[in-house]
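Tertiary structure, described
Now for the letters of each chain:
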Amino acid sequence: MNITAKTKIAMVIGDPIEHSLSPKMHNAGLENLALDSTHVYVGCRVNIADLENFVKGVKAMKIHFVSCTIPHKIEIIKYLDEIDDVAKKIGAVNTVINNDGILKGSNTDWLGVLLPLEKKVALQNKTVALLGAGGAARAAAYAVTSKGATLKIYNRTLENAKVLAEAFGGEAYSLELLQDVRNADIIINTTAIGMQPNIHETPLPKEFINNNQIVFDAVYTPYETTFLREAKEQGASIIHGTEMFLQQGITQFKLYTGKEAPEEVMRNILLDNFKLL
Ligand code: NAP
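Right, let's walk through the structure included here. (Residues numbered from 1 in each chain as written. Predicted model: local features only at pLDDT ≥ 70, side-chain atom pairs only at ≥ 80, totals over all residues. Heavy atoms only, no water.)

A separate point is the environment of proline 116. Tracing the backbone through its elements, the reader meets proline 116 in helix H4 (residues 109–118). Taking the C-alpha atoms as reference, proline 116 lies 33 Å from aspartate 100; in sequence the two are 16 residues apart. Ignoring anything within four residues of it in the chain, the contact list for proline 116 reads Leu111, Phe216, Ile239, Glu243, Met244 and Gln247. (Helix = DSSP H or I, 4+ residues; strand = E, 2+ residues; numbered from the N terminus. Contact = heavy atoms within 4.5 Å.)

Quick look at the structure:
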């Protein structure tokens, strides 16, 4: 271990946080680039009632970088000094950089959606069917509309889909019209359906998926959901939720180290651990 009094501290906060693979992923990247004496990445469980005090502590201790997960992404906004335009539009912060006591919030979740998709296809003029209208859906909606895709949102509560359509541009549908997903180029699931322990559930009947489509699941536990397995059986090209997790983290790595992240190293450590979950 190379930690000294000069080592900069990066951390992920959430409640709970013990399950998080971010420390493993980031520390593997830091070690690979021999940055493990200048930076260390830890996890902290922070109760939402303590968030304001936590932010004061970040300033007092000169914590260099904070990544936020559930339930802090919205609540933390009111305690920060600055928020960038993208985080404002998405309405959530997952990244806080401490610039000499000025805390600036940003969002890399949307890049977790965009970067894996762009490895497969250019989004301009593609039709994206987005399942869900919660936090992950907002990041996905921003990602695809910022690159010129047409957005169709399908959600259990139509009102929530309408709010998203209003914010990002697009059309809102109830689940009764889910069969129209057949005509989309890309399908993204941002509901929690299929997540452990309900691993046999899927947000979409298999027959609505075809071999011209790209199917992306934000759910990453289990590693391969029923939705993705059935999409693969239908001949679709699939993207695992782990890629979203990886790419948002890789973007954060560059923000707090100033260096390109070692993508393969970080992917491998994630996959080794996710497949064990
Ligand atoms: P959220 O804000 O609570 O939103 C959940 C969405 O799912 C809502 O649109 C909700 O519909 C819908 N939904 C929930 N249960 C449903 C059901 N039984 N039937 C139909 N629709 C249902 O959650 P979130 O933060 O967006 O997270 C959603 C999923 O994405 C989680 O599994 C999370 O782990 C995953 N995620 C993954 C990553 C990654 O890096 N891979 C990042 C963020 C999130 P209503 O509007 O009707 O309530």
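Resuming the write-up.
Turning our attention to the packing of aromatic side chains. Tallying each qualifying case throughout the model produces nine aromatic pairs. Through pairs of rings, three or more aromatic residues link up here, namely Tyr41, Phe65, Phe253 and Tyr256. (Phe/Tyr/Trp six-rings, centres within 6.5 Å; stacked < 30°, edge-to-face > 60°.)

Moving on: the sheet that holds strand S5 (residues 95–99). Here six strands make up an open sheet; going across it, the order is S2-S1-S3-S5-S6-S4 and the pairing mixed. Looking at strand neighbours, the two that pair on one side only are strand S2 (39–45) and strand S4 (82–83), the edges of this open sheet. Both S5 and strand S6 (residues 102–106) contribute to a ladder of five bridges, which runs antiparallel. In the sheet register, isoleucine 97 faces S6, and the bridge partner there is lysine 104. Against the sheet, helix H1 (residues 22–32) touches strand S1 (8–14) and S2, its axis set at about 175 degrees to S2. Against the sheet, helix H8 (residues 241–257) engages S1, S2, strand S3 (65–68), S5 and S6, with an angle of about 5 degrees to S5. (Pairing = 2+ DSSP bridges. Axes fitted to C-alpha atoms, helices over the stretch in contact; angles between N-to-C directions.)

Further remarks concern the side chain of threonine 251. As for its position among the elements, threonine 251 is in helix H8. Setting aside anything within four residues of it in sequence, one finds threonine 251 in contact with Thr108, Leu111 and Leu115.

Let us now look at the packing of H4 against H8. Each pair of packed helices can be described by the angle between their axes along with the distance between the axes. Where H4 contacts H8, the axes come no closer than 7 Å and their chain directions differ by 115 degrees. Between H4 and H8 the crossing geometry is right-handed. Seen from H4, the contacting residues are Asp109, Leu111, Gly112, Val113, Leu115 and Pro116; seen from H8, they are Glu243, Met244, Gln247, Gln248 and Thr251. (Left-handed = near helix turned anticlockwise from the far one by under 90°.)

As a further point, take the site of the ligand. Taken together, the neighbourhood of the ligand is formed by 20 residues, with Ala133, Ala136, Asn155, Thr157 and Asn160 sitting nearest. Contact distances for the ligand include 2.8 Å between an oxygen atom and a side-chain N or O atom of asparagine 160. Between the ligand and the protein, one listed contact pairs a nitrogen atom with a backbone N or O atom of glycine 241 at 3.0 Å. Coverage of the ligand by the protein chains reaches 72% of its 930 Å² of free accessible surface. Every element with two or more residues in the shell around the ligand is listed here: helix H5 (135–146) and H8. The element that contributes the greatest number of residues to the shell around the ligand is H8, accounting for three residues. (Near = heavy atom within 4 Å. Polar contact = N/O pair within 3.5 Å; in protein donor to acceptor, adjacent residues only side chain to side chain. Areas by Shrake-Rupley, 256 points an atom, 1.4 Å probe, with all protein chains shown as cover.)

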